[in-house]
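Descriptive structure summary
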Amino acid sequence: MATWILLRGLMREQRHWGIFPAQLALALPNSTIITPDLPGNGQRHGMDSVTNVLEMVEFLRQDLQAQKLKPPYHVLALSLGGMVAVEWASRYPQEVVRCVLINTSMRPYNPFYQRLRWQNYPALLRQLLFGNPDSQEALILRLTSSRYRDGNPALLADWRRFQQQYPVSQRNALRQLLSAARYRAPTSRPTMPVLIMAGAQDRLVDHRCSQQLARAWLADCLIHREAGHDLPLDQGDWVAQSVARWVGYPSQS
C-alpha cells in the first residue's frame, strides 16, 4: 500500500484540496492519502510559520512519525509545497519514492519575475496594505484558478469560511513568502522519479518555470493548456489520471 503525502502552497490548508484527494484515491487504488497542514496554516494556524523550507521538511517528518506513518512516501506537492518536496527528497532520498511537482518554481532555475508574475505586484500590494480576509480570498481565487477566474460563489464562501475558522495571520503569510523567496534548490535533481506538471494559464507563476525545471532535471513534464495555478482545483481528474498513468496504474476513466 502506497502512502501519498499531499502538500499545499502559501497560506493554504488541507481543505483547499477540495475533492482532489478523493479523485486521487480513486485513480490510485489501495493508496493512503495524507494531507498535512504546514505550521501557520489550517489546524496549525496558531503556530508560527517557519522561515526556511528545511524546517518545514523536519516538521513534516516528525509529524508523520508521530502518526506512525512510516516511510517511504510518495509526495505530490503544489507551489511552495513543491519546494518542500524537493528539499525532502534531496536530503532524505530513502524516505521518498517519487515526487509530483505542480506549478512550482525555485532558484536557481527560475528568475524572480517568472516565479511571481510582475503583473500581479500592484494587486498584491493593494491587498497587503488595504485588503481584508474576504478580498484576500477573492484575489487568490482570481489569480490561482483559470476555471473559476470569473468567480464561484459557493467555492469562495468555503474559502472565506476556512479563513475565518483558521485565520492565517499576516505575519505568518509573510514568513511563508520569505521561505519561498529564499529557497534555493539543489544543483542536481532528486534521485527518484520526478513528474512536473503545470497549467499553461497560470496567472500567479509563469508555467515556463516548470518547463525550465523539467529540462534542467531531464524530468517528465505535463502541461494542461487550460488550467491555472491551482491545477488540482481546475483539472483534478486530469491530474489524478495523469499521475496514475505515470505510476503505472491502469486508467480508471
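The present account deals with the structure reproduced in this document. Predicted model only: the values in this text are computed from it and were never measured. (Residues numbered from 1 in each chain as written. Predicted model: local features only at pLDDT ≥ 70, side-chain atom pairs only at ≥ 80, totals over all residues. Heavy atoms only, no water.)

Considerations on the overall build of the protein chain
A count of helical and extended segments in the protein chain gives 11 helices and 6 strands. Its C-alpha atoms give the protein chain a radius of gyration of 17 Å, near enough to 18 Å, the size a compact globule of 253 residues would have. The principal-axis extents of the C-alpha atoms in the protein chain amount to approximately 45 × 40 × 35 Å. By residue count, 54% of the 253 residues in the protein chain fall in the buried class. The long-range share in the protein chain, meaning contacts at least 24 apart out of those at least 6 apart in sequence, stands at 75%. As displayed, the protein chain has an accessible area near 11,700 Å², and 54% of this comes from carbon and sulfur atoms. (Helix = DSSP H or I, 4+ residues; strand = E, 2+ residues; numbered from the N terminus. Rg over C-alpha atoms; globule rule 2.2 N^0.38 Å. Buried < 20%, exposed > 50% of the residue type's maximum accessible area, 1.4 Å probe, protein only. Contact = heavy atoms within 4.5 Å. Areas by Shrake-Rupley, 256 points an atom, 1.4 Å probe, with all protein chains shown as cover.)

Here we look at the pairing of strand β4 (residues 96-102)
Most of β4 is tucked away: 6 of the 7 residues are buried. Examined bridge by bridge, strand β3 (residues 73-78) and β4 share 6 bridges and lie parallel to one another. Looking across to β4, one finds that V75 is bridged to C99. Handedness of the crossover joining β3 and β4 through helix α3 (residues 80-91) is recorded here as right-handed. Of the strand pairs in this sheet, β4 and strand β5 (residues 194-199) are connected by 4 bridges, and their pairing is parallel. Looking across to β5, one finds that C99 is bridged to V194. (Pairing = 2+ DSSP bridges. Right-handed = clockwise from strand over helix to strand, strands pointing away.)

Side note on the sheet that holds β4
Whether parallel or antiparallel, the strands of a sheet pair through hydrogen bonds between backbone atoms. Spatially, 6 strands are ordered β2-β1-β3-β4-β5-β6 in an open sheet, and the strand pairing comes out parallel. Edge positions in the sheet fall to β2 (32-34) and β6 (220-224), since each has one partner strand and no second. The average angle at which neighbouring strand axes cross in this sheet is 20°, direction not considered. Here 3 bridges tie strand β1 (residues 3-7) to β2, and the two strands are oriented parallel to one another. Bridge pairing links T3 to T32 in β2. Across the sheet, α3 is in contact with β1, β3 and β4; its angle to β3 comes to roughly 150°. (Axes fitted to C-alpha atoms, helices over the stretch in contact; angles between N-to-C directions.)

So, the packing of aromatic side chains
Following the criterion strictly, the structure yields 3 aromatic pairs and no others. Ring geometry for Y109 against W217: centres 5.7 Å apart, planes inclined by 80°, an arrangement best described as edge-to-face. Highlighted residues: Y109 in the loop between β4 and α4 (112-115) and W217 in helix α9 (residues 208-217), separated in sequence by 108 residues. Judged by relative accessible area, Y109 falls into the buried class, the value being 17%. Looking at W217, the relative accessible area reads 3%, which means it is buried. Between R12 and the ring centre of W159, over which it is positioned, the NZ or CZ distance is 5.2 Å. When the ring centre of Y92 is taken as reference, the NZ or CZ atom of R61 above it lies at 3.6 Å. (Phe/Tyr/Trp six-rings, centres within 6.5 Å; stacked < 30°, edge-to-face > 60°. Lys NZ or Arg CZ within 6 Å of the ring centre and 35° of its normal.)

Thoughts on unusual backbone geometry
The omega angle of the peptide bond from P71 to P72 is 10°, so this bond is cis rather than trans. As for its placement among the helices and strands, P72 is situated in the loop between α2 (53-66) and β3. Of the consecutive residues R107 and P108, the connecting peptide bond is found in the cis state with omega at 0°. Structurally, P108 can be placed in the loop between β4 and α4.

Let's talk about the nonpolar core
Counting 37 residues, the largest nonpolar core has I5, V75, W88, L101, M106 and W217 as its most contacted members. Elements with a minimum of two residues in this core: β1, α2, β3, α3, β4, β5 and α9. When residues of this core are assigned to their parent elements, the largest contribution, 7 residues, is made by α3. The residues contacting M106, other than those within four sequence positions of it, are G82, M83, V86, R115, Y183, A185, L213 and W217. Judged by nonpolar contacts, the second largest core, of 21 residues, contains W4, F20, L78 and V243. (Core = buried A, V, L, I, M, F, W, Y, C linked by side-chain atoms within 4.5 Å.)

Topic: the environment of S105
Here S105 is to be found in the loop between β4 and α4. It is 7.6 Å that separates the C-alpha atoms of S105 and V205, two residues lying 100 residues apart in sequence. Excluding residues within four positions of it along the chain, S105 makes contact with M83, N110, R115, V205 and C209.

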